[in-house]
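# Observations on the model geometry
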Amino acid sequence: MFASLPDPVAGAGEVIIQVKASGICHTDFEVLKANYGTSTFPIVPGHEYAGIVADVGPGVTEVAIGDRVVVDPNIECGSCRACRRGWAHLCETLGANGVTRNGGFAELSVVKATSLHPIGDLTFTTAALAEPMGCALNGVGAVHEPWMETALIFGAGPMGLLIGIALKNHGILDIAFADIDDTRLELAESFGFGAVASGSADLEKLHQGVDLAVDATGVSAVAGRLAHFIANGGKGLFFGVCPSDARIEISPFEVFRRQLTLAGSHSLNHNIPKALDMIATFGPGIERIVSHQMSLEQVSKVLSDGAPKRSLKIQAVTS
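All of the points below concern the structure found in this document. (Residues numbered from 1 in each chain as written. Predicted model: local features only at pLDDT ≥ 70, side-chain atom pairs only at ≥ 80, totals over all residues. Heavy atoms only, no water.)

## As for the overall build of the protein
Scanning the protein from terminus to terminus reveals 12 helices and 15 strands. For the protein, the C-alpha radius of gyration of 20 Å lies close to 20 Å, the compact-globule estimate for 319 residues. Judged by the C-alpha coordinates and their principal axes, the protein covers about 60 × 40 × 35 Å. By residue count, 50% of the 319 residues in the protein fall in the buried class. (Helix = DSSP H or I, 4+ residues; strand = E, 2+ residues; numbered from the N terminus. Rg over C-alpha atoms; globule rule 2.2 N^0.38 Å. Buried < 20%, exposed > 50% of the residue type's maximum accessible area, 1.4 Å probe, protein only.)

See below:
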């Protein structure tokens, strides 16, 4: 629902952000369907956003009015077992802007000052990719090994491409994408990656042939075949968001005999600065991941009706 709300007010330690760019994530759809988060409604979604500091609350010294910043949305308790281990993204009571408190699909957003990071001269479009890149880096960190030479990523959408960029930055140069959409495969090739059609004979040639296989589709039938492509001693990453009730079959004997490692990855873990560095190193071409820029009202319609066909990253932008 698109609506007008009172302007937020910054409390102690808080900042008001004039949002300039805010990206849609698959998680946003899950939040609105009460499949993710605490289902605390009403809520303003949007957790991938950048903008300008418009006001600061009492006690804020980290940022000043006019600063160009990006938001780290996660809010952890700081005291549970995961938090004590430095795993804020696995906090037992994890909250987030856009998930448990109002987020970035608004002209103004109130956030903790400690959640902000400077973006230098990056465009707001680029800076708003820092949160998803942080998620990609967290995923890569869960599985990457220095001996890895080859990777196969299922899903050449925005998140798959960001994972590919992160893997290449970590030294894996032979990276291929599998997808059912030829236009997405062409985009992957333009980024310097290999491309293979899903269901093709060329894909089957990769049977037990890659050091790392990644599902970035969230399709359980795809996730269930990761082991089919992992070489002996290799790893698989479940990155895409499958339905919560989905189940797949895995042969424990195969995992044992071929010494496979299967891992999951959730969210980002306060790694926005690393994400910004990687985005800046890659350069402005990374904005090709963004296929649509829309008004807030148009984004509201996307969230209710679904994304346009063959869209990639969709961002709400404000003047």
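## Description of the pattern of salt bridges
Scanning the model with the defined rule gives 8 salt bridges in all. Between Glu48 and Lys313 there is a salt bridge whose closest N-O contact spans 2.9 Å. A residue pair is termed long-range when its members are at least 10 positions apart, and Glu48 in strand E2 (residues 48–56) and Lys313 in strand E15 (residues 313–317) qualify at 265 residues. When its relative accessible area of 1% is taken as the criterion, Glu48 is described as buried. (Salt bridge = Lys/Arg side-chain N within 4 Å of Asp/Glu carboxyl O.)

## Brief notes about the packing of aromatic side chains
The final tally for this structure, using the stated rule, is 4 aromatic pairs. With 5.3 Å between their ring centres and 55 degrees between their planes, Phe154 and Phe229 make a pair best called tilted. Within this pair, whereas Phe154 is found in strand E8 (residues 150–154), its partner Phe229 is found in helix H9 (residues 226–229), the two being separated by 75 residues in sequence. Taking the ring centre of Phe191 as reference, the NZ or CZ of Arg288 above it sits at 4.1 Å. (Phe/Tyr/Trp six-rings, centres within 6.5 Å; stacked < 30°, edge-to-face > 60°. Lys NZ or Arg CZ within 6 Å of the ring centre and 35° of its normal.)

## Overview of unusual backbone geometry
Even without being a glycine, Gln208 presents a positive backbone phi close to 50 degrees. With respect to the helices and strands, the residue Gln208 is situated in the loop between helix H7 (201–204) and strand E11 (210–215). One non-glycine residue, Ser267, lies in positive phi territory at about 60 degrees. Counting through the fold element by element, Ser267 comes out in the loop between strand E13 (261–264) and helix H11 (272–282). Assessed through its relative accessible area of 16%, Ser267 is described here as buried.

## With respect to the sheet that holds E11
Spatially, the 6 strands line up as an open sheet ordered E10-E9-E8-E11-E12-E13, and their pairing is parallel. The open sheet has two edge strands, strand E10 (194–197) and E13, and neither has a second partner. Along the sheet, successive strands turn relative to each other by an average axial angle of 20 degrees, direction set aside. On top of the sheet, helix H6 (residues 182–190) reaches strand E9 (174–179) and E10; it is set at about 165 degrees to E9, its chief contact. (Pairing = 2+ DSSP bridges. Axes fitted to C-alpha atoms, helices over the stretch in contact; angles between N-to-C directions. Contact = heavy atoms within 4.5 Å.)

## Points about the layout of surface pockets
In this structure, the second largest pocket encloses a volume near 920 Å³. What lines the second largest pocket is a set of 28 residues, among which Ala3, Leu5, Val44, Phe105 and Ala106 lie closest to the centre. In terms of residues, the lining of the second largest pocket owes the most to one element, helix H12 (residues 296–305), which gives 5 residues. Across the lining of the second largest pocket, the residue classes tally to 19 nonpolar, 7 polar and 2 charged. (1 Å grid on protein atoms, 1.4 Å probe; cavity = no way out; pocket = protein on both sides within 12 Å on 5 of 7 lines; lining within 4 Å. Points joined across faces, edges and corners; volume = space filled by probe spheres on them. Nonpolar A, V, L, I, M, F, W, Y, C, P; charged D, E, K, R; others polar.)

## Some words on the nonpolar core
In this structure, Met133, Ile163, Ile165, Leu167 and Phe177 are the most contacted members of the largest nonpolar core, which totals 51 residues. Every element with two or more residues in this core is listed here: helix H3 (124–127), helix H4 (130–143), E8, helix H5 (158–169), E9, H6, E11 and H11. Beyond its immediate chain neighbours, meaning those up to four positions away, Ile163 contacts Ala136, Val140, Ile153, Val214, Ala216 and Phe239. Within the second largest apolar cluster, 13 residues are counted, among which are Phe154, Ala176, Val196 and Val210. (Core = buried A, V, L, I, M, F, W, Y, C linked by side-chain atoms within 4.5 Å.)

## Structural notes on the packing of H4 against H11
Interaxial distance between H4 and H11 falls to 8 Å at its minimum, and their mutual angle equals 105 degrees. Considered as vectors, H4 and H11 are oriented roughly perpendicular to each other. Side by side, H4 and H11 meet where Ala130, Glu131, Met133, Gly134 and Leu137 of the first sit next to Ile272, Lys274, Ala275, Leu276, Met278 and Ile279 of the second. When its residues are assigned to classes, the contact of H4 with H11 shows 8 nonpolar, 1 polar and 2 charged. (Parallel < 35°, antiparallel > 145°, perpendicular 65-115°, else oblique.)

## Observations regarding H5
For the α-helix, the turn length of 3.6 residues means that residues three or four positions removed from each other point alike. In this model, H5 (12 residues) spans 17 Å end to end at C-alpha, consistent with the 16 Å of a helix rising 1.5 Å per residue. With 10 of its 12 residues buried, H5 lies for the most part within the structure. One or two residues past the end of H5 sits Gly171, with phi positive at roughly 105 degrees. (Expected span 1.5 Å × (residues − 1).)

## Structural notes on the packing of H4 against H5
Where H4 meets H5, the axes come as close as 9 Å, and the angle between the chain directions of the two elements is 55 degrees. Of the possible angle classes, the one that applies to H4 and H5 is oblique. The interaxial crossing formed by H4 with H5 has right-handed handedness. Residues Pro132, Met133, Cys135, Ala136, Leu137 and Val140 of H4 form the contact with H5, whose own contacting residues are Met159, Leu162, Ile163, Ile165, Ala166 and Leu167. Split into classes, the residues belonging to the contact of H4 with H5 amount to 12 nonpolar, no polar and no charged. (Left-handed = near helix turned anticlockwise from the far one by under 90°.)

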